[in-house]
Amino acid sequence: MSDHKANEQNSLNILDDLVKKARAKGADAADAVRVQGTSTSVAYRLGEIEEIERSEAHDLGLRVLIGKQQAFVSSNDTDAGVLDALVDRALDMARNMPEDAYCGLADPELLAREFPELDLYDPSTQSAEELTETAKQAEEAALAVAGVTNSEGASASFGHSSIALATSDGFTGSYSSSSHSVGISVIAGEGTGMERDYDYDSKRHLEELRDAADVGRTAGERTVKNINPRKMPSAKVPVIFSNRVSSSIVGHLAGAVSGASVARGTSFLKDHMDKQVFKPEISIIDDPHRRRGAASKPFDGEGVKNSRIDLIEGGVLRNWILNSAAAKQLGLQSNGRASRGTSSPPGSSTTNLYMDAGSLSHDDLIKDIKSGLYITSLIGFGVNGVTGDYSRGASGFWIENGEILFPVSELTVAGNLKDMFLNLTPANDLEFKFGTNAPTLRIDGMMVAGT
């Protein structure tokens, strides 16, 4: 048995024993989760190491339920005496908690019994020296780009983690994952004319991580293009969200279709199930089983079986993001989107969320725009989840007659997400980089506020 598999099994043994102790001492139901991780990261700037950080985390959480009362306790100590005291404390707390009509373990019929192999774990490790060399290569490549005048620093890191879960309904499951990353941020220009930009990459497996010099070169080239931005007058124009920022639009949808938000009545899409929300050609998918996916998981935070769901199918809203509690409130069934920490009740979240690619190329999306904004950076979080009102600071480039011409900054883009969704057109340049991804997007009729 490999080291990480042996570690997972040890965690499951500890959790299973903890849950049994809770039941024996009076809990009607219980579950326990253990999260472990190790990581090393290096921060490097202007030829010098700024920081080397090594960390180890070991955290265990227990939830006990007595009727409709529940409590949570956590510890990073797995000594038998400590765990006995943990159980007693949890039970005492639960007896003094108010009742929660929707708390409870997941429906046993929904629990995962088979786990797909998602290839999330790469046993590769990187020494501090190797990470330093990676960061150095990224910074040197960025500084070699003509016009780059300074560095805000490069970083490189790797980490291994594992999650194990056991419930009193008989579920036990665990999985391990890894991550490798490199990033760099640099400055171009002088004085009040300085501009910054960055590039970054992260992968589960080291072999898939982009070359550090390529990351650095891209960061440098992006930064130089931002020099001497212009300020533009206010106008209502088509707006292009580059695929660096387009995932934020999909992220706003995720917040609006969260089961908890819908149950509370705080989502602007609460009454839109099975209604047209996007154009008919739009599909938005959440897939926890993408091989080596940035947010893949073989089961959810309650042990429920998970699988691909279509949030938007043919432009129509088809699913909420549901854990067990939100599903109960809405009279529905969990679709395996519970997320879990060690000291709080299960929440709900997406996994590998993405908008499917469209049929138009990046250039085709732009070529008929007489005047418009191409966004490469968004600032602030001016989004109202209840009304859908949207207002964010933006910078990027101005489009004239289908050409991206010159950098612009200090602009605000505004609209309402309901209208934005219905007026959205995706390009065909979808890339899977992070947990939420989208191709370049065009949204017509947005208000761009400038000078």
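The preceding data block contains the structure.
Residues numbered from 1 in each chain as written. Predicted model: local features only at pLDDT ≥ 70, side-chain atom pairs only at ≥ 80, totals over all residues. Heavy atoms only, no water.

Peer 1: Can you help me understand the environment of Leu411 in this one?
Peer 2: Along the chain, Leu411 turns up in strand β16 (residues 403-416). Overall, Leu411 belongs to the buried group, its relative accessible area being 3%. Through-space distance from the C-alpha of Leu411 to that of Leu206 is 38 Å; in sequence the pair is 205 residues apart. Setting aside residues up to four positions removed in sequence, Leu411 forms contacts with Met232, Leu373, Arg392, Gly393, Ala394, Trp398, Val448, Ala449 and Gly450. (Helix = DSSP H or I, 4+ residues; strand = E, 2+ residues; numbered from the N terminus. Buried < 20%, exposed > 50% of the residue type's maximum accessible area, 1.4 Å probe, protein only. Contact = heavy atoms within 4.5 Å.)

Peer 1: Would you mind going over the pattern of salt bridges with me for this structure?
Peer 2: Oppositely charged side chains are able to pair whenever their charged atoms sit close together. What the rule picks out here adds up to 27 salt bridges. A salt bridge links Arg63 to Asp31, with the nearest nitrogen and oxygen atoms 2.9 Å apart. With Arg63 in strand β2 (residues 48-66) and Asp31 in strand β1 (residues 29-45), this pair connects stretches of sequence that are 32 residues apart. Across this residue pair, the class does not change: Arg63 and Asp31 are buried. One salt bridge in this structure joins Lys203 and Asp201, with 2.9 Å as the shortest N-O distance. Where salt bridges share partners, they join Asp119, Glu207, Glu208, Arg291 and Arg292 into one cluster. (Salt bridge = Lys/Arg side-chain N within 4 Å of Asp/Glu carboxyl O.)

Peer 1: Would you mind showing me how to read the side chain of Thr440 here?
Peer 2: Relative to the helices and strands, Thr440 is located in the loop between β18 (436-437) and β19 (441-449). At 3.5 Å, the side chain of Thr440 forms a polar contact with the backbone nitrogen of Asn243. In contact with Thr440, other than residues within four places in its own chain, are Ile240, Phe241, Ser242, Asn243, Ser246, His362, Leu365, Thr425, Pro426, Ala427 and Asp429. (Polar contact = N/O pair within 3.5 Å; in protein donor to acceptor, adjacent residues only side chain to side chain.)

Peer 1: Before we go on, may I ask you to explain the sheet that holds strand β10 (residues 316-317) in this structure?
Peer 2: Consider a sheet: its strands pair through backbone hydrogen bonds, and that pairing is either parallel or antiparallel. Ordered by their spatial adjacency, five strands build an open sheet running β10-β9-β8-β13-β18, and the pairing between neighbours is mixed. Edge strands, defined here as strands with exactly one partner in the open sheet, are β10 and β18. (Pairing = 2+ DSSP bridges.)

Peer 1: What am I meant to see in the layout of surface pockets here?
Peer 2: If a probe the size of a water molecule is rolled over the atoms, the empty space left behind becomes visible. Here the largest pocket defines a volume of roughly 800 Å³. Taken together, 36 residues line the largest pocket, and the ones lying closest to its centre are Asp197, Tyr198, Arg244, Thr376 and Ser377. Of all elements in the fold, only β6 (195-203), β14 (371-383), β15 (389-400), β16 and β18 reach the threshold of two or more residues within the lining of the largest pocket. If you tally residues by element for the lining of the largest pocket, the top one is β6, at six residues. (1 Å grid on protein atoms, 1.4 Å probe; cavity = no way out; pocket = protein on both sides within 12 Å on 5 of 7 lines; lining within 4 Å. Points joined across faces, edges and corners; volume = space filled by probe spheres on them.)

Peer 1: Would you mind showing me how to read the packing of aromatic side chains here?
Peer 2: Under the definition given, this model contains eight aromatic pairs. Taking 5.1 Å as the distance between ring centres and 70° as the angle between the ring planes, the aromatic pair formed by Phe171 and Phe299 counts as edge-to-face. A residue pair is termed long-range when its members are at least 10 positions apart, and Phe171 in the loop between β4 (148-167) and β5 (172-188) and Phe299 in the loop between β8 (284-286) and β9 (309-313) qualify at 128 residues. Of the residues examined, Phe171 reaches a relative accessible area of 1% and is grouped as buried. Plain terms: the ring middles of Tyr354 and Phe432 are 4.9 Å apart, the flat faces sit at 75° to each other, and that makes the pair edge-to-face. Of the two residues, Tyr354 sits in strand β13 (residues 353-355) while Phe432 sits in the loop between β17 (424-426) and β18, which places them 78 residues apart along the sequence. Classification of Tyr354 by relative accessible area gives buried; the value is 7%. (Phe/Tyr/Trp six-rings, centres within 6.5 Å; stacked < 30°, edge-to-face > 60°.)

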